[in-house]
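# Examination of the molecular architecture
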Amino acid sequence: MDPEQLTALAGTAGTTVVSLMATEAWQRTRDGVTAIWRRVHPERVGSVAGELDLTREQVLAARNDGDAQTEEELRTEWRGRVRRLLIDDPGIAEELRALLDELSPEQTENGDTYNVHMTAHSKENGRIYQAGRDQHINES
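The numbering scheme is per chain: residues are counted from 1 as the chain's sequence reads. Local features in this predicted model are restricted to residues of pLDDT 70 or higher, and side-chain atom pairs are both shown and tallied only at a pLDDT of 80 or more, whereas totals for entire chains, interfaces and linings draw on every residue. Hydrogen atoms and water are omitted, and side-chain values are computed over all heavy atoms in the structure.

## Quick notes on the pattern of salt bridges
To keep things clear, this is the line we draw: By definition here, a salt bridge exists when the distance from a side-chain nitrogen of Lys or Arg to a carboxyl oxygen of Asp or Glu is within 4 Å. To qualify as a helix, a DSSP run of H or I must reach at least 4 residues; to qualify as a strand, a run of E must reach at least 2; elements of each kind are numbered from the N terminus. The buried label applies to any residue whose accessible area, calculated with a 1.4 Å probe on protein chains only, is under 20% of its type's maximum; exposed applies above 50%, and partly exposed to all values in between.
Counting across every chain of the model gives 10 salt bridges. Between Glu102 and Arg28 there is a salt bridge; the shortest N-O distance is 2.4 Å. Of this pair, Glu102 sits in helix 5 (residues 93–103) while Arg28 is found in helix 2 (residues 26–40), placing the two residues 74 residues apart along the sequence. We classify Glu102 as partly exposed; its relative accessible area is 46%. When the shortest N-O distance is used, the salt bridge between Arg97 and Glu94 registers 2.6 Å. Placement of both Arg97 and Glu94 in helix 5 is noted, with a separation of three residues, approximately one turn of the helix. Under the relative-accessibility criterion, Arg97 is labelled partly exposed at 29%. Three or more residues joined by partner-sharing salt bridges are found here, namely Arg63, Glu71, Glu72, Arg75 and Arg79.

Here's what the structure looks like:
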């Protein structure tokens, strides 16, 4: 897996994991992430599970307070963690993709499913804003 693919997969995974922390898919997400972590660093599974739980509490508080910046910081943090995990064992990429595929189909209020895949590239000082659903941007 080349570095660009690794970074893209880690980005998708980190974003997905944090986004699902405030949904009914949370327990399945937590179980899937800890199972993948167990393959690479079995000695760290307990601490990673605790970090996931703490992050979930922070996400719920941030959403309650309307604090989009904290939630984005948490996504960035988990993107980095997953990227480092993939660097430690690139062989988990397929398992991670399978987990994301399982978790990605989102349910709309009427029961329909949708799946969003976005890619963006920016040059120089360009800004990119993407959202598969709600997006809140607060710029001062």
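Okay, back to it.
## Quick look at the packing of aromatic side chains
The condition is simple: By convention, a stacked pair of Phe, Tyr or Trp rings (six-membered ring in the case of Trp) has centres within 6.5 Å and planes under 30 degrees apart, an edge-to-face pair has planes over 60 apart, and any other such pair is tilted. A positively charged side chain is recorded as over a ring if its NZ (Lys) or CZ (Arg) lies within 6 Å of the ring centre. The angle to the ring normal must also be within 35 degrees.
Taken as a whole, this structure holds one aromatic pair when the rule is applied. Ring centres of Trp37 and Trp78 lie 6.1 Å apart, and the angle between their planes is 80°; this geometry places the pair in the edge-to-face category. With Trp37 in helix 2 and Trp78 in helix 4 (residues 68–88), this residue pair connects regions lying 41 residues apart in the sequence. By relative accessible area, which is 4% here, Trp37 ends up buried. On the accessibility criterion, Trp78 (1% relative accessible area) is buried. For Arg81, the ring lying beneath its charged end belongs to Trp78, and the centroid distance is 4.4 Å.

Interpretation in functional terms is not warranted from these geometric data alone.
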